[in-house]
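Single-letter residue listing:
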Amino acid sequence: MNRPPESFLRVREGRLLAFCTACYERAGLSNEHAALISRLLVNSDLRGVRTHGTRTTNGYCSGFETGSHNPQPDIRVIRESPTAVVLDGNGTLGYLPMVRAAEGAIVKAKELGMGIGLVRYIGHYGSAGHYARMCSEAGCIGFSVQGYSDQGRAGGRGAQLGYFGNPPICFAIPSGEEPPVVLDAATCILADYQRGPEFDELLSLIPAAFFKSIGYTAVASLLGGALTGFTEPPPADTAKWGGARLGGMVLAIRIDSVMPEAVLKAEVDRMVRGVRETYEPMPGYDRALLPGAMEAELMEMHRREGIRYGADEQQSARAVSQRLGVPLPWDE
């Protein structure tokens, strides 16, 4: 899904930001809240992460309009310690609460070397990379995952354990001259759309890979869900929002609390260069790159040339444009 679209039109970053911000404001969000979500979604488009970009705006706005998510949340601290803060997202999408959790985690990491931010009672928080990257840009190593309510209970008879969940997960490690190493992914070995007989055969051919992804899903779901306390009964003003069934966590580790930041960044640079210059690329690819390098290149290209907006993105934009009366961000 995150391959570049075969046919597309170019949309400028600024126009897309303004379009999405206007849509979220008409769906009931404050300007600050609307602008923050739009900024993060446009960042995903810039990086080529189409699944978690602005194509979600139509569905997200619909959730705010129909009362699934809270457009005017009262995000508040539930508990706090010297190294951790736990927030009640008050039934909104996860973007704004998780940004605040990441900011809190970074502050605590700057003070004590490590900080963790946790949020309960939220909707989808998008790409885990948003929050891990915040840590990396602040001189920390970042880690983020999201958890879902009732994870571990199969949705129907015959559910295959090999396809157990697929929560977002990200590690972000800053670099010096080279692109940072950012593993912005999900825990299942296969994408959600990769189902069917040809994929079922892999369960027997490479079982170790599936056992690993089962374990990654369990750990991510517990750290991003159970650890947030989202199994505790929510307050009444949060419980009324039907989409508030998720949790999220972000961990920040201040690098210079354990070693000079420049030393780590130099080693990251050495590894990135070493892989690029000495390894054979994966089959079907022309370069050997570590995670994060391609996203950095695409962001630079899309900012220079415009974001490649495919058919799915255009369809979503037209739907929300028509419903909310916001002009499209391109000339038709």
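Keep in mind that this is a model prediction, so the values were computed, not measured. (Residues numbered from 1 in each chain as written. Predicted model: local features only at pLDDT ≥ 70, side-chain atom pairs only at ≥ 80, totals over all residues. Heavy atoms only, no water.)

A. Structural view of the packing of helix 4 (residues 95-112) against helix 5 (residues 129-137). Packing of helix 4 against helix 5 leaves a shortest axis separation of 10 Å and a crossing angle of 25°. In terms of orientation, helix 4 lies roughly parallel with respect to helix 5. In the packing of helix 4 onto helix 5, the handedness of the crossing is right-handed. Between helix 4, through Tyr95, Met98, Val99, Ala102, Glu103 and Ile106, and helix 5, the contact on the second element is made entirely by His130, Tyr131, Met134 and Cys135. Looking at the contact of helix 4 with helix 5, its residues break down into eight nonpolar, one polar and one charged. (Axes fitted to C-alpha atoms, helices over the stretch in contact; angles between N-to-C directions. Helix = DSSP H or I, 4+ residues; strand = E, 2+ residues; numbered from the N terminus. Parallel < 35°, antiparallel > 145°, perpendicular 65-115°, else oblique. Left-handed = near helix turned anticlockwise from the far one by under 90°. Contact = heavy atoms within 4.5 Å. Nonpolar A, V, L, I, M, F, W, Y, C, P; charged D, E, K, R; others polar.)

B. Representation of the packing of helix 1 (residues 13-26) against helix 3 (residues 57-66). Helix 3 packs onto helix 1 with a crossing angle of 20° between their chain directions and a minimal axis gap of 9 Å. Here helix 3 runs roughly parallel to helix 1, going by the angle between their axes. By crossing handedness, the relation of helix 1 to helix 3 is classed as right-handed. In contact with Cys20, Cys23 and Tyr24 of helix 1, helix 3 contributes Thr57, Tyr60, Cys61 and Phe64. Looking at side-chain class alone, the contact of helix 1 with helix 3 contains six nonpolar, one polar and no charged residues.

C. Main features of the pattern of salt bridges. One pass over the full model with this rule turns up 22 salt bridges. Across the salt bridge formed by Arg133 and Asp184, the nearest N and O atoms sit 3.3 Å from each other. With a gap of 51 residues between them, Arg133 in helix 5 and Asp184 in strand 7 (residues 181-186) connect regions that are remote in the sequence. Look at Arg133 and you get buried, because its relative accessible area is 9%. Assessed through its relative accessible area of 23%, Asp184 is described here as partly exposed. Through salt bridges that share partners, Asp74, Arg76, Asp88 and Asp237 make up one connected network. (Salt bridge = Lys/Arg side-chain N within 4 Å of Asp/Glu carboxyl O. Buried < 20%, exposed > 50% of the residue type's maximum accessible area, 1.4 Å probe, protein only.)

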